[in-house]
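These are the residues of each chain, in order.
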Amino acid sequence: MRDKSAMQRTDVMIAGGGVTGLTLALLLKRALGGTLRVTLCDPMIKAAPTDDDRAFALAADGRKLFDRLGIWPIIEEACQPITEMVITDSRLDDPVRAVFLTFGGEVEPGESFAHMVPQGLLIEKLLFAADQAGVQLISDRVKRFKADGSSVAVMLAGGDEMKAGLLVGSDGGQSAIRELAGISFYQWSYKQAGIVMTIGHERPHGGQAEEHFLPAGPFARLPLTGNRSSLVWTEAQDRVDSLLDRSDAALIEQIERRAGLKLGVLSLLSRPRAYPLNFGIARRFIGERLALVGDAAHMVHPIAGQGLNIGLRDVAVLAERIIEAAGLGLDIGTVTVLDAYEKARRFDAVLFGAVTDGLNRLFSNDHLTVRLARDLGLGIVDRMGPLKKRMIRRAAGIETATPGRMRCL
Ligand SMILES: Cc1cc2nc3c(=O)[nH]c(=O)nc-3n(C[C@H](O)[C@H](O)[C@H](O)COP(=O)(O)OP(=O)(O)OC[C@H]3O[C@@H](n4cnc5c(N)ncnc54)[C@H](O)[C@@H]3O)c2cc1C
C-alpha cells in the first residue's frame with residue numbers, strides 16, 4: 001500500500017451501501033455533522049437502477065428509526081401496514097388451509113407491527129439523504145485493507161486508498177470484508193430458495209398477510225399498496241429452475257394452489273427471482289478497527305421476515321457507541337467501543353438466527369407426529385393472549401433485551 005501520509009483521510013469508512021450501510025452513514029452524519037467524516041463506498045452507487053422490485057417487512061422499531069431520520073414521511077405513501085397476520089399449516093393438496101394462528105397488526109395504538117417497504121425506493125431516498133448530509137459517496141468496492149494500532153488503510157478496486165479510524169463491513173452475506181479480516185463464518189445451506197415476485201389481484205387484501213406452512217417450506221403473501229402483494233415462496237432448491245421456467249399462466253396456477261382463490265383473479269406483475277437461502281453467523285462481529293453489521297455479520301432464513309430488521313438493530317447500536325465515543329473526544333475505533341457493540345448485539349442476533357432456523361426445521365417437513373405437535377403448539381399460542389402479544393412485540397422490536405437501541409438520535 002501507498003505511503004499513509006499521502007492517503008485521503010476519513011473517520012468512518014463504510015463498505016457496502018445496502019440499507020444497513022446507508023442507514024449507519026446517515027445516523028452518524030445527522031448526529032455528528034461536520035465533526036465526523038463518513039465515507040461510504042459501494043460499486044452499486046452509480047450503477048443503473050435494476051428492475052429488482054423486492055419489498056421487505058420493516059418492523060415497528062425500524063419504522064420509528066426512519067421516522068426520526070426524516071425518511072419515513074417521504075416513503076410512507078408507498079408502504080403498506082400489515083393489519084393482520086394469518087398462519088396456516090397444511091399439505092399442498094389439502095382442500096383447505098386450516099388456520100392455526102392469527103394476530104392483529106398493532107403493537108401500540110396506531111403502530112403496526114410491520115410495514116411492507118419497497119427496498120429500491122428506501123435505498124434511493126437514503127442515498128439522497130446521505131449525500132445531502134455530507135457523506136462522501138464513492139462508487140467502488142473495497143479490495144483490501146490493513147489495520148495498525150491507530151488507523152486502517154483501505155484500498156479500493158479502482159486504485160484509490162484511504163486511511164480511516166474505523167472500517168465497517170456492511171457488504172452483505174458474501175462479505176469480502178469479513179473474509180479479508182480472517183473472521184470465520186459458520187454457515188449452512190437450507191437447500192431451499194426464496195422465490196420472490198409481485199402479484200396483482202382482483203380483490204383488496206385489507207392489509208392482511210398470510211404465511212402458509214407447506215412441506216417444501218413457507219409460502220408468504222405480504223400486502224403491498226393497492227391490489228398488489230409480494231410473494232416469498234420457499235421451495236426446495238432442486239425444484240426452483242423448473243418453476244422459474246414456467247409461463248405466467250402456469251405460475252399463477254401454482255400460486256392459486258398455494259394461496260387459494262379468495263383474492264380473485266391473479267396476475268404476475270414481475271417475473272420471479274430466486275434467492276438461495278443460507279444460515280450464517282460470523283465468529284466475531286468485530287476485528288482490529290473493524291465492525292461487521294447486517295448480513296455480513298449474520299444471515300437468517302426469511303421465514304419470519306427478520307434479516308434486515310436485525311441488521312438495523314446492529315446499526316443503531318454501533319451508531320450509538322460511535323456517537324458516544326466521538327462526543328467524549330475518544331478514538332472511535334478502539335477495542336472498548338467495538339467490544340461494547342459486539343456484546344450488545346451478539347446475543348440478539350444469535351437468538352433470532354436460532355429461532356428462525358428452528359421454525360424452518362419445524363415447519364418445512366411433512367412428518368405426521370411433528371405436524372401434530374406443531375399444530376398443537378400454534379393452537380395453544382393462539383389462545384394465550386399475553387404470550388402471543390409478547391412474541392409479536394419482540395418480533396416488532398418493541399420488547400427487547402438490548403438497552404438504548406434505536407435511541408441514538
Ligand atoms: C427471499 C428473501 C426475503 C427477505 N425478506 C425480508 C423481510 O421481509 N424483512 C427483513 O427484515 N429481511 C428480509 N430479508 C433479508 C434482507 O434482504 C437482508 O437481511 C438485507 O438485505 C441485508 O442488508 P445488508 O445491507 O446487510 O446487505 P445487502 O443488502 O446485501 O447490501 C450489501 C451491499 O454491499 C455492496 N458490496 C459488496 N461487496 C462490497 C465491497 N467489497 N465493497 C463495497 N461494497 C460492497 C453490495 O453492492 C451491496 O449493495 C429477506 C431475504 C431474502 C433472501
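Description of the structure in this document. Note that residues are indexed from 1 along each chain, following the sequence as it is written. Residue-level local features of this predicted model are given only where pLDDT is at least 70; pairs of side-chain atoms are given and counted only at 80 or more, and the full residue set underlies all totals for whole chains, interfaces and linings.

What follows deals with the sheet that holds strand β4 (residues 80-81). Here, a strand pair is defined by DSSP locating no fewer than two bridges between the strands. Only DSSP runs of H or I with at least four residues qualify as helices, and only runs of E with at least two residues qualify as strands; both kinds are numbered from the N terminus onward. Spatially, β3-β9-β4 is the arrangement adopted by the 3 strands of the open sheet, whose pairing is antiparallel. Every other strand in the sheet has two partners, leaving β3 (55-59) and β4 as the edge strands with one partner each. One ladder, built from 2 bridges, connects β4 with strand β9 (residues 114-118); its direction is antiparallel. Note that in β9 the partner of P81 across the bridge is H115. Packing of helix α2 (residues 60-68) onto the sheet brings it into contact with β3 and β9, and relative to β3 it is tilted by some 90 degrees. Sitting on the sheet, helix α4 (residues 119-132) is in contact with β3 and β9, with an inclination near 75 degrees to β9. Each residue is represented by a C-beta atom placed from its backbone, and any two residues with such atoms within 7 Å are regarded as in contact. Here the axes come from fitting lines to C-alpha atoms, over the contacting stretch only for helices, and the angles between their N-to-C directions go from 0 to 180 degrees.

Right, let's talk about the site of the ligand for a bit. Using a C-beta atom placed from the backbone, a residue is described as near a molecule or strand when that atom lies within 6 Å of it. Taken together, the neighbourhood of the ligand is formed by 32 residues, with G18, G172, G194, G294 and G307 sitting nearest. Counting only elements with at least two residues in the shell around the ligand, the list comes to α1 (19-32), β3, β14 (185-201) and α8 (307-327). By residue number, the principal contributor to the shell around the ligand is α8, which donates 4 residues. Note that Gly is not counted as nonpolar here; it falls among the polar residues with everything else outside the nonpolar set of Ala, Val, Leu, Ile, Met, Phe, Trp, Tyr, Cys and Pro and the charged set of Asp, Glu, Lys and Arg. A breakdown of the residues in the shell around the ligand according to their chemical character gives 14 nonpolar, 14 polar and 4 charged. Counting the residues that make up the shell around the ligand, at least three belong to each of domain 1 (4-70 + 119-187 + 278-363) and domain 2 (78-117 + 191-277). Either an automatic procedure or a domain database provided the assignment from which the domain bounds are taken.

Phi is positive for K191, close to 55 degrees, though the residue is something other than glycine. One can find K191 in strand β14. Positive phi outside glycine occurs at R289, with the angle close to 55 degrees. Relative to the helices and strands, R289 is located in the loop between β20 (286-287) and β21 (290-292).

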